[in-house]
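# Topology and contacts: notes
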Amino acid sequence: MKVLKFGGTSVGSAHSLNHVKEIVAACPQQVIVVVSALGGVTNQLIEMTRMAQAHDSNYEAMLQQVKIRHHDLIGQMVPEQRQHECRQVIDTFIDEGLASFYSLLYANDELAPDFIDRLSDAIVCHGEIMSSAIVTAMIDDAVPHFSPNFIKTMDTVTQRVLDAETTERLIREEFEHRTERVHVAQGFIAADVETGEKTNLGRGGSDFTAALIAAALDAECLEIWTDVDGFMTADPRTDPTATVIPSMTYAEAQRMCDAGAKVIYPPTIAPVALKHIPVWVKNTFNPTAPGTVIEDD
Ligand code: ASP
Ligand code: MG
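From a predicted model like this one, the values you see are computed outputs, not experimental measurements.

## Here we look at the site of ligand 1
Close to ligand 1 lie Ser36, Ala37, Thr42, Glu128, Phe188, Arg203, Gly204, Gly205 and Ser206. Thr42 has a polar side-chain atom sitting 2.8 Å from a nitrogen atom of ligand 1. Between ligand 1 and the protein, one listed contact pairs an oxygen atom with a backbone N or O atom of Gly204 at 2.8 Å. When ligand 1 sits alone it has 260 Å² of accessible area, and the protein chains cover 85% of it. For the shell around ligand 1, a count of residues per class yields 2 nonpolar, 5 polar and 2 charged.

Below, the structure written as structure tokens:
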């Protein structure tokens, strides 16, 4: 079994989603596909929260753009017989969920800060919920999963952290007995272990979700599908001599992530390193390129 994580640009257009379909179809073994929101959508969800709070009604137009973008992808990617249902799912999340959350913020000046925080968390999880609905519907017989059911966070005095033990147990319960070939789950989104309210693993956290699933299930590998060919020796935008690093150790990858390499969300490395699971960083737009493998020496 492998875990394949596709980032925002990889699920952001019909062109990239066609690659995603081919990459998944080419895997002979069982795969768990973890998806980000369509590229840019998380930023838009946050921006609309800010606009609604500032009583800027232009958030409504932006919300319609988000809806149209999802509808367009359904039209291009989802088989005809599943399009209607998939559009309805998106419409419910936008017209009932998001629209009511934003109008609450728009109409009320005196919401408690804690309530606004919880509302913002409930809003931001919609990006992955909607992208995963499309990816599930576009792949025949893909089984949908809901990550807040098994990725759990808890609050400490100072911050929100992963409840690692509960999460590991719940991931096993969710997937271990399954025999279907393709499974789809949302990256990034989680739920509070006590209240069940939606939370998340932080910006860029979809990589971490995929690593937690791979580690809990002892996956044969984790593949992070992104829009670059792998870890590079330097920033290719400023250094034309930059080349892809074919392989690196977990410690080297961790050092590069901590130093700001945007390729992988830093907390991703530890869970897979502990289980000695190789991580491949691959380019969805150039799938035959070898990429970077991160593994033991
Ligand atoms: N969609 C989330 C973000 O933009 C999580 C992710 O893509 O990893 O931060
Ligand atoms: Mg990312």
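## Observations regarding the pairing of strand β9 (residues 221-226)
Of all the 6 residues making up β9, 6 are buried; the element is thus mostly covered by neighbouring parts of the structure. Alternating residues of β9 divide into Cys221, Glu223 and Trp225 and Leu222, Ile224 and Thr226, and every residue in both groups is buried. Bridge analysis of strand β1 (residues 2-6) against β9 gives 5 bridges, and the strand direction is parallel. Opposite Lys2, over in β9, you have Cys221 as the bridge partner.

## Focus: the sheet that holds strand β4 (residues 152-155)
A sheet is described by the order of its strands in space; here 4 strands give the open sequence β5-β4-β7-β8, paired in mixed fashion. Each edge of the sheet is formed by a strand with only one pairing partner; in this case those strands are β5 (160-162) and β8 (198-200). Shown here is a sheet whose adjacent strand axes are inclined to one another by a mean of 45°, direction ignored. Pairing geometry for β4 and β5, over 3 bridges, is antiparallel. Residue pairing for β5: Thr153 is matched across the bridge by Leu162.

Here is what the cut-offs are and how they apply
- Residues numbered from 1 in each chain as written.
- Chains lettered and ligands numbered in written order.
- Predicted model: local features only at pLDDT ≥ 70, side-chain atom pairs only at ≥ 80, totals over all residues.
- Heavy atoms only, no water.
- Near = heavy atom within 4 Å.
- Polar contact = N/O pair within 3.5 Å; in protein donor to acceptor, adjacent residues only side chain to side chain.
- Areas by Shrake-Rupley, 256 points an atom, 1.4 Å probe, with all protein chains shown as cover.
- Nonpolar A, V, L, I, M, F, W, Y, C, P; charged D, E, K, R; others polar.
- Buried < 20%, exposed > 50% of the residue type's maximum accessible area, 1.4 Å probe, protein only.
- Helix = DSSP H or I, 4+ residues; strand = E, 2+ residues; numbered from the N terminus.
- Pairing = 2+ DSSP bridges.
- Axes fitted to C-alpha atoms, helices over the stretch in contact; angles between N-to-C directions.

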